[in-house]
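The residues making up each chain are set out below.
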Amino acid sequence: MAVDSRMDLLSERALLMRASLQKSQTITDNVVSILGSFDSRLSALETAMRPTQIRTHAIRKAHENIDRTLKAAEVILSQFDLTRDAETKVLKGPHEDLESYLDAIAQLRKIIRYFMSNKSFKSSDGVLNHANSLLAKAQSKLEEEFKQLLASYSKAVEPDRLFDGLPNSLRPSSDGDGGGKPHGGHHNDDAETAAYTLPILIPLRVLPLLHDLAQQMVQAGHQQQLLQIYRETRSFVLEESLRKLGVEKLSKEDVQRMQWEVLEAKIGNWIHFMRIAVKLLFAGERQVCDQIFRGFDSLSDQCFAEVTVSSVSMLLSFGDAIARSKRSPEKLFVLLDMYEIMRELHTEIETIFKGKACLEIRDSATGLTKRLAQTAQETFGDFEEAVEKDATKTAVLDGTVHPLTSYVINYVKFLFDYQTTLKQLFLEFGNGDDSNSQLASVTMRIMQALQNNLDGKSKQYKDPALTHLFLMNNIHYMVRSVRRSEAKDLLGDDWVQRHRRIVQQHANQYKRVAWTKILQCSSAQGLTSSGGGSLEGGNSSGVSRGLLKERFKMFNMQFDELHQRQSQWTVPDTELRESLRLAVAEVLLPAYRSFLKRFGPLVESGKNPQKYIKYTAEDLERLLGELFEGKSMNEPRR
């Protein structure tokens, strides 16, 4: 029973659920039907709206195109405005406001680039032509401004301004010497390290303006016009500065025609001018050139080379004329001076005249240095030969130091002032030997050549005593000069001692040749009587008074002759002169005193003794003190 009732209940519920499902299905079918109806209506609406959407899109696109066109038109109009603004500045010119003028040129270039890239614009060709015309006009005015600005501030440098840039040791002396020669000797060792102050060739405030103008010309492709303007302006000013300083343009023929004294002075000036030109003028010009053409190194080098080439040539041509002129001994030292200055300036020349464009100038300077060295070396060799072959007929009648000797010795002394330079020459042209030994060897050869020549000249004397006196004087002069100079260290003590012995040998030979004969007059030899005169006893036993008187007369005559002749001879060195007088006195006076003491009484006891005994020993001593004074023949005795 209970089971049946539950079953019935479940059946009823199942029926209710079926009824609900059927109702839901009906509702679903109705909703589907309604949605299907909506879909067909929406499709119809979309079809109807499509034309409107197309028109709206077209309108939007048209608006975008209009906006773009308006913006482009604004840009074009602004370019026209910029062109008009640039035109105003260009027509006004660069002189008053260079910065604005350069801005206008830069703006014109931008405008041209803009229209070149937008040639589709109808007016682009017209605008381009106008802008290009303005740019060309602007560049022309820039060139003119550069030329005027450079010219107005390019003035020749006065010599005093250049001298102010030199170290004190190289400034002209205060005696009004217009040549501007430095103080001191042939070469100032401090010259290479001394401080130099470059002259201001163009005011510093102007250089940036010239740089900006030059930069614009380069950018415009006007390098050749720029180069021409710079070269013509600055080269003239540089040459004028050198002319004011005293530099002359001299040919080889001009040099050959000059007297040596004039030429020597000009060489001294040239050495000073070279130092001023390289260290001040050319260095200053390089500085100016580098600042104006900053950023354009090759152009800077080319401009500098073309500006300086004429001035450099004017200076080097004189040096070249000297190096190629006829060689002579007196030119050696000026050649060495010139060689020294070229070596001193070598580093600066290499630095200042840098770059490919200046190669020819550098080569010219190096070539001159080598020619000067070669000529100096050849002249040095000529000197040794000239000394040995010197055939001057200059007579040294009094036996004093010959002019050739003093010339050669002074020459050798000067050589030692140039030791460093000569050693450099030996290194360049030598055979690899030590430069010190080469210099010593050459000096010894010169000294030997001098001795050989003096030996030849000594044979001109008829009196052998004067021959020895001449050689004694000259070799003594050589020895004394060497001992007092640097040559002693080079030639050595052996050379000095050997030649002192030669001096002594000639002194001894002079004494023997000149005084042996008179010494024989004061000896007892040959006085033995042959029966012709009276005889005395004692020490004079067997002596002929007649022979004795003849012996005294012979002594007096010979001494008078020797005194007269040798008082005209000269021994210039005081110490040597006194030494030689003493040597003569030491042999003559004792012999005469002995002779007078022994035989004087015999003569004095006869008639007119003063006729025969003319001198006392004291008289002779006094008269010997007059020897070698170089007296004239008519000069009276003291």
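Refer to the structure printed above.
Heads up: these notes are all about the structure in this document. Model, not experiment: these values are computed from the prediction.

Criteria and thresholds
- Residues numbered from 1 in each chain as written.
- Predicted model: local features only at pLDDT ≥ 70, side-chain atom pairs only at ≥ 80, totals over all residues.
- Heavy atoms only, no water.
- Helix = DSSP H or I, 4+ residues; strand = E, 2+ residues; numbered from the N terminus.
- Contact = heavy atoms within 4.5 Å.
- Areas by Shrake-Rupley, 256 points an atom, 1.4 Å probe, with all protein chains shown as cover.
- Patch = residues over 30% accessible without salt bridge, like charges linked within 9 Å, V, L, I, M, F, W, Y side chains within 5 Å.
- Salt bridge = Lys/Arg side-chain N within 4 Å of Asp/Glu carboxyl O.
- Lys, Arg positive; Asp, Glu negative; His and termini not counted.
- Charge placed at Lys NZ, Arg CZ, Asp CG, Glu CD.
- Axes fitted to C-alpha atoms, helices over the stretch in contact; angles between N-to-C directions.
- Left-handed = near helix turned anticlockwise from the far one by under 90°.
- Nonpolar A, V, L, I, M, F, W, Y, C, P; charged D, E, K, R; others polar.
- Phe/Tyr/Trp six-rings, centres within 6.5 Å; stacked < 30°, edge-to-face > 60°.
- Buried < 20%, exposed > 50% of the residue type's maximum accessible area, 1.4 Å probe, protein only.
- Parallel < 35°, antiparallel > 145°, perpendicular 65-115°, else oblique.
- Expected span 1.5 Å × (residues − 1).
- Bend = angle between axes of the 7 residues up to and from the residue.
- Polar contact = N/O pair within 3.5 Å; in protein donor to acceptor, adjacent residues only side chain to side chain.

So, on to the overall build of the protein chain. Per the secondary structure count, the protein chain includes 21 helices and zero strands. Residue pairs in contact within the protein chain that sit at least 24 positions apart in sequence constitute 78% of those at least 6 positions apart. When the accessible surface of the protein chain is split by element, carbon and sulfur atoms take 52% of a total near 34700 Å².

Together, K413, R483, R484 and R500 give the surface a local cluster of positive charge. With respect to the helices and strands, the residue K413 is situated in helix α13 (residues 403–417).

Right, let's get into the packing of helix α19 (residues 545–566) against helix α20 (residues 574–604). Close contact between α19 and α20 brings their axes to 11 Å; oriented N to C, the two are set at 145 degrees. With respect to the hand of their crossing, α19 and α20 are arranged in left-handed fashion. Of α20, the residues touching α19 (which contributes R545, L548, R551, F552, F555 and F559) are L588, Y592, F595, L596, F599, G600, L602 and V603. Of the residues belonging to the contact of α19 with α20, the class tally is 11 nonpolar, one polar and two charged.

Under the definition given, this model contains 19 aromatic pairs. When the centroid spacing of 6.5 Å and the interplanar angle of 50 degrees are considered together, the rings of W515 and F559 count as tilted. Residue W515 is found in helix α18 (residues 493–521), and its partner F559 is found in helix α19; the two are separated by 44 residues along the sequence. Each member of the pair, W515 together with F559, is buried.

Turning to the packing of α19 against helix α21 (residues 617–624), a few remarks are in order. It is at 11 Å that the axes of α19 and α21 come closest, and there the two elements cross at 20 degrees. Judged on the interaxial angle alone, α21 and α19 are roughly parallel. Our pair here, α19 against α21, has a crossing hand that is left-handed. Within the contact between the two elements, α19 uses F555, F559 and H563 and α21 uses L620, L623 and L624. Partitioning the contact of α19 with α21 into residue classes produces five nonpolar, one polar and no charged.

This next bit is on helix α8 (residues 260–292). For α8, built from 33 residues, the straight-helix expectation of 48 Å at 1.5 Å per residue is met to within 8% by its first-to-last C-alpha distance of 45 Å. The largest bend along α8 reaches roughly 40 degrees and is located at A277. Taking burial as the measure, the 33 residues of α8 include 24 buried ones, the bulk of the element.

With respect to the element layout, R171 can be found in the loop between α4 (159–164) and α5 (207–219). We classify R171 as partly exposed; its relative accessible area is 28%. Separated by 101 residues in sequence, R171 and H272 have C-alpha atoms that sit 9.7 Å apart. Engagement of the side chain of R171 in a polar contact is seen with the backbone oxygen of D164, the distance being 2.9 Å.

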